[in-house]
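# Summary of the model geometry
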Amino acid sequence: MTNAAPPAAKTPPEAVKTHEFTTQSGADTIEVGRQLAKLVKPPQLLILRGDLGTGKTTLVKGIAQALDAAEADEVTSPTFTLIHEYDGTQDGKPVKLFHLDVYRLEGERQLETLGLDELLTPDALVLVEWGEKFKSIKKKSTGEIAITSTGGDARKITVTLKE
Ligand code: ADP
Ligand code: MG
């Protein structure tokens, strides 16, 4: 089996910007989220990738806080509700922050019920935990935030933005 596309069919590689952070606590990761809120301009669909408990939801707390969209303790995991929506501002302009967790969704058919395409308006910042599970989300994504545990409470956070 081969999954390599023939060279002629390849699209030119997208320009990619990466940013790396290391954190030692949940509070650190919230702070990184706050910094990311300045860096990431709507419209964006970002996949939040990382094992359970690495801090994906924690990072969103910082992003929401910096956008004046919600206090950190108001941001909880959308594991069961699938989507949480917040209204914020960035550079004086309104931003819609959508926080999704698609861990429990099985298959593209179930995913369609979420109406992800309708969320991605010009003012939207869509953050999807476990988005890498779905080919369609990967295709639409404008980047990825990957969190890995590097022992104890230490984390490495790698942000990759297609430009
Ligand atoms: P996920 O959404 O990836 O499942 P959560 O953000 O819900 O993870 O939970 C991460 C847990 O790990 C929180 O209880 C948080 O306080 C704790 N934690 C410890 N160290 C860190 C760190 N460096 N970054 C993020 N969370 C951390
Ligand atoms: Mg989570």
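Attention here is on the structure that accompanies the text. It should be emphasised that the depicted structure is a prediction, and the values quoted were computed from it without experimental measurement.

Let us now look at the coordination of the magnesium ion (ligand 2). The protein atoms that coordinate the magnesium ion (ligand 2) are T57 (OG1) and E129 (OE), at distances spanning 2.2 Å. Of the two residues, T57 is situated in helix α2 (residues 56-66) and E129 in strand β5 (residues 124-129); the sequence distance between them amounts to 72 residues.

Within a sheet, neighbouring strands are paired by backbone hydrogen bonds and run either parallel or antiparallel to one another. Pairing within the open sheet is mixed, and its 7 strands lie in the order β1-β7-β6-β2-β5-β4-β3. A single partner strand is all that each edge strand has here, and the edge strands are β1 (16-23) and β3 (83-90). On average, adjacent strands in this sheet sit at an angle of 20° to one another, irrespective of strand direction. The pairing of strand β2 (residues 44-49) with strand β6 (residues 143-149) spans 4 bridges and is classified as parallel. Within β6, the residue paired with R49 across the bridge is A146. Strands in contact with helix α1 (residues 26-39) are β1, β3, β6 and β7 (155-162); relative to β1, the strand with the most contacts, it is inclined by about 160°. Packed on one face of the sheet, α2 meets β2, β4 (93-101), β5, β6 and β7 and runs near 165° to β5.

This part takes up the site of ligand 1. Looking at ligand 1, there are 16 residues lining it, with T29, G53, K56, T58 and D153 nearest. One of the backbone N or O atoms of T54 is found 3.4 Å from an oxygen atom in ligand 1. Notes on ligand 1: free accessible area 570 Å², of which the protein chains cover 72%. Secondary-structure elements contributing two or more residues to the shell around ligand 1 are α1 and α2. The greatest single-element share of the shell around ligand 1, amounting to 3 residues, is contributed by α2. By residue class, the composition of the shell around ligand 1 is 1 nonpolar, 10 polar and 5 charged.

Rules and cut-offs
Each chain has its residues counted from 1, running along the sequence as written. Here chains are named by letter from A upward and ligands by number from 1 upward, in the order in which they appear as written. Note on the predicted model: pLDDT of at least 70 is required for a residue's local features to be given, and 80 or more for side-chain atom pairs to be given and counted; whole-chain, interface and lining totals, by contrast, use all residues. Excluding hydrogens and water, the side-chain values take into account all heavy atoms of the structure. Coordinating donors are taken to be N, O and S atoms lying within 2.8 Å of the metal, or within 3.2 Å when the metal is Na, K or Ca; because water is excluded from the atom set, some sites may appear incomplete. Under the scheme used here, helices are H or I runs from DSSP no shorter than 4 residues and strands are E runs no shorter than 2 residues, and both carry numbers assigned from the N terminus. Between any two strands, at least two bridges found by DSSP are needed for them to pair. Axes here refer to lines fitted to C-alpha atoms; in helices the fit is confined to the stretch in contact. Angles between the N-to-C directions go from 0 to 180 degrees. Residue contacts are defined here by distance: any two heavy atoms, one from each residue, within 4.5 Å place the two residues in contact. Near is defined per residue: the residue qualifies when any heavy atom it owns lies within 4 Å of the molecule or strand. Any N or O atom pair separated by 3.5 Å or less is treated as a polar contact, with the protein-specific requirement of one donor-capable and one acceptor-capable atom, and with residues adjacent in sequence counted only for side-chain atom pairs. Accessible surface area values rest on a Shrake-Rupley calculation with a 1.4 Å probe, where residue burial reflects the displayed protein chains alone. Asp, Glu, Lys and Arg are counted as charged, while Ala, Val, Leu, Ile, Met, Phe, Trp, Tyr, Cys and Pro are counted as nonpolar; the rest, among them Gly, fall into the polar class.

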